[in-house]
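Okay, here's what each chain looks like letter by letter:
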Amino acid sequence: MRKKYALHTYALPAYALHMAGNLLFPPRCPVCDEPVRLRDGLICPACKKKLVYVGDQICFFCGRPLPAEEELCRSCRKERPLYERGRALYTYDSAAGSIYRYKYGGRREYARFFGREMVNKLGDFISRINPDGLIPVPLSSRRLRARGYNQAELLAKEIGRETGIPVYTGLVKRVTDTRPQKELNAKERQNNLKKAFIIAQNDVKLSTIIIIDDIYTTGSTVNAVTEVLLKVGVRKIYYVALSIGEGY
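Residues numbered from 1 in each chain as written. Predicted model: local features only at pLDDT ≥ 70, side-chain atom pairs only at ≥ 80, totals over all residues. Heavy atoms only, no water.

(A) Quick look at the nonpolar core. Tyr90, Phe114, Ile210, Ile212, Val240 and Leu242 are the most contacted members of the largest nonpolar core, which totals 35 residues. For this core, the secondary structure elements donating two or more residues are strand S1 (86–91), helix H4 (92–104), helix H5 (110–129), helix H7 (151–163), strand S5 (208–216) and strand S6 (236–244). By residue number, the principal contributor to this core is H5, which donates 10 residues. Each residue touching Tyr90, except ones within four places of it in the same chain, is listed here: Leu51, Val52, Tyr53, Val54, Ala95, Phe113, Phe114, Glu117, Leu242, Ser243 and Ile244. Ranked by size, the runner-up nonpolar core spans 33 residues in total, among them Cys62, Leu193, Val222 and Ala224. (Core = buried A, V, L, I, M, F, W, Y, C linked by side-chain atoms within 4.5 Å. Buried < 20%, exposed > 50% of the residue type's maximum accessible area, 1.4 Å probe, protein only. Helix = DSSP H or I, 4+ residues; strand = E, 2+ residues; numbered from the N terminus. Contact = heavy atoms within 4.5 Å.)

(B) Quick look at unusual backbone geometry. Located in the positive-phi region is Glu69, a residue other than glycine, with phi close to 75 degrees. With respect to the element layout, Glu69 can be found in the loop between helix H2 (45–48) and helix H3 (74–78). Of note in this structure, Asn130 is not a glycine but carries a positive phi near 55 degrees. As for its position among the elements, Asn130 is in the loop between H5 and strand S2 (133–136).

(C) Expanded view of the packing of aromatic side chains. Under the criterion given, the structure shown has 11 aromatic pairs. Here a set of aromatic residues connected by ring pairs shows up, and it is made of Tyr53, Tyr90, Tyr102, Tyr110, Phe113 and Phe114. Its guanidinium or amino end placed over the ring of Phe60, Arg85 lies 3.9 Å from that ring's centre, counting from NZ or CZ. Stacked on the ring of Tyr53, the Lys or Arg Lys121 has its end atom at 4.5 Å from the ring centre. (Phe/Tyr/Trp six-rings, centres within 6.5 Å; stacked < 30°, edge-to-face > 60°. Lys NZ or Arg CZ within 6 Å of the ring centre and 35° of its normal.)

(D) Spotlight on the packing of H5 against H7. Between H5 and H7, whose axes approach to 8 Å, the crossing angle comes to 60 degrees. Here H5 lies oblique to H7, going by the angle between them. Relative to H7, the crossing made by H5 is right-handed. In this structure, H5 uses Ala111, Arg112, Phe114, Gly115, Arg116, Met118, Val119 and Ile126 to contact H7, whose residues at the interface are Leu154, Leu155, Glu158, Ile159, Glu162 and Thr163. In terms of residue class, the contact of H5 with H7 is built from 8 nonpolar, 2 polar and 4 charged. (Axes fitted to C-alpha atoms, helices over the stretch in contact; angles between N-to-C directions. Parallel < 35°, antiparallel > 145°, perpendicular 65-115°, else oblique. Left-handed = near helix turned anticlockwise from the far one by under 90°. Nonpolar A, V, L, I, M, F, W, Y, C, P; charged D, E, K, R; others polar.)

Right, here's the structure in full:
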């Protein structure tokens, strides 16, 4: 029987502490960044409508939104990605401001809402894969020190908390401090990531994994991580991202 992931419920003491914390330090809406009323949960009801979910008409491999009746995006028609398949939650344009604050503005608390939404909307996809683990795309040590957290790791931990899937944060390491991908074109992105990642342990016993990232654009980052995992014997690799761009 296929397992369907559902959000965990709180035991009474934990729930009481959770509610008390929300009263003292109300969460900020990931869209408008204003404090959210307790009855509204983790996002303003009006703001939630501004985040656009990726629809059903998507590329078979990368999950990029497509015009009607097309099965593959231009990029995947030209060259199939190294991973099996992938899915994303939001269109990048609708979530760009929120993701910028989450990634560069210290709003790490957004991860709770984003992670829950990823499980709510992409849980069926995740359950069909039945992965042995989740692997967040790592940051370089310099960037991690500067930022204070890895936004992909926070997402992976929230998804793992809600689904019970183990998260492996130290398996893949980023050993070169590459230029930000957003500054580069598609070809430069591929070259930028050559030899950027290594496997940090000798004995990898995972067969099926999901790579977790915040933004999927050309797919260069996910492909680079996939490549090093395939070399150590991981058989099936998928990805799940918070957002995905269009036009590739």
